Amino acid sequence: MSDISYLGADRAPSPGSGLSFGVDVGGSGVKGAIVDLRSGEFVGDRHRVQTPQPATPAAIAEAVRSIVEHFGWTGPVGITVPGVVKDGVMRSAANIDPSWIGTDLAQLFSTALGGRRVTVLNDADAAGLAELTYGGGAHLADGEVVLLTLGTGIGSALLHNGTLIPNTEFGHIEVNGKIAEKRASAKVRKDRGWSFDRWAKELSAVLVMYERLFSPDLFIVGGGISRKADKWVPLLTNEVPVVPARLRNTAGIVGAALAVTNDI
Ligand code: BGC
């Protein structure tokens, strides 16, 4: 497995022509689907299983195996994980079992999948690749775009002139004394029972901090909550425009399927 950390413009992902397979490992569900790389759309339905608890590497590898087997898929598999992936090794585990840290991801998943080729990357980076390729916006090719996935945590993908800078982890930046994802993830809103109005105040503070630090031209927001973006994006008070991800919450699976085909 190669690393995506040197992905440059000359290696930017291309849509591809055939079918591929992606799996998105999340805090509550592990989801997979066959992806048509021409359109970036699923072929048939996705299949989801509950994230096993504790979410150890062995338990997740078994969940991934069962999803791949459900489809009878025998080719290479792209897989996202909710943590830093450096040289194929998991380096952080904020919202998943701590035993992931130091895990050789290619070895883990390839072994579970009968020795086949796998590519493993951060979940938000996968979403960034998918939006770059299928988001359909020329606006993504120029300037700085910060894509955020708002779910259990806050994932980030930094797109610089159409190139992904991986493992940015903006969700762990401290904003007014609290890390961003503990302040404004979708889970925080749900746990506190906040209205969109109340939550938008927290998210705005986070976005203002990102504006100061990174001077983005655009924010793209993804994750399940982006399906209701019309209810809360207008309430944000930061300066830089915020648009919902085109792929909504299919982006992780699609990006994983893309990454394994482009071998990035
Ligand atoms: C992790 C990121 C991940 C994000 C979304 C954060 O807690 O540190 O790596 O992208 O959650 O799952």
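I will try to describe carefully the structure that is included in this document. Nothing here was measured: the structure is a model prediction, and the numbers come from that model.

Cut-offs and rules
- Residues numbered from 1 in each chain as written.
- Predicted model: local features only at pLDDT ≥ 70, side-chain atom pairs only at ≥ 80, totals over all residues.
- Heavy atoms only, no water.
- Helix = DSSP H or I, 4+ residues; strand = E, 2+ residues; numbered from the N terminus.
- Expected span 1.5 Å × (residues − 1).
- Buried < 20%, exposed > 50% of the residue type's maximum accessible area, 1.4 Å probe, protein only.
- Polar contact = N/O pair within 3.5 Å; in protein donor to acceptor, adjacent residues only side chain to side chain.

Next up on the list: helix H3 (residues 123-134). For an α-helix, 3.6 residues make a turn, and residues three or four places apart therefore share a direction. When the terminal C-alpha atoms of H3 are compared, their 16 Å separation across twelve residues agrees well with the 16 Å that a helix rising 1.5 Å per residue should span. In terms of residue burial, H3 counts as a mostly covered element, since eleven of its twelve residues are buried. Those residues of H3 lying buried are Ala124, Asp125, Ala126, Ala127, Gly128, Leu129, Ala130, Glu131, Leu132, Thr133 and Tyr134. In this structure asparagine 122 caps H3, since a side-chain oxygen of it lies 2.9 Å from the backbone nitrogen of alanine 124. Trailing H3 by a residue or two, glycine 136 shows a phi angle of about 70°, which is positive.

Cis geometry is adopted by the peptide bond preceding proline 54, which originates at glutamine 53 and carries an omega value of -5°. For proline 54, the location among the structural elements is in the loop between strand S3 (41-50) and helix H1 (57-71). Despite not being glycine, asparagine 161 shows a phi value in the positive range, around 45°. Mapped onto the elements, asparagine 161 comes out in the loop between strand S9 (154-160) and strand S10 (163-165). Looking at asparagine 161, the relative accessible area reads 40%, which means it is partly exposed. Its identity as a non-glycine residue notwithstanding, asparagine 176 has a phi of 50°, on the positive side. Here asparagine 176 lies in the loop between strand S11 (174-175) and strand S12 (178-179). Overall, asparagine 176 belongs to the exposed group, its relative accessible area being 61%.

In short, the description is geometric, and any link to function would need to be established separately.
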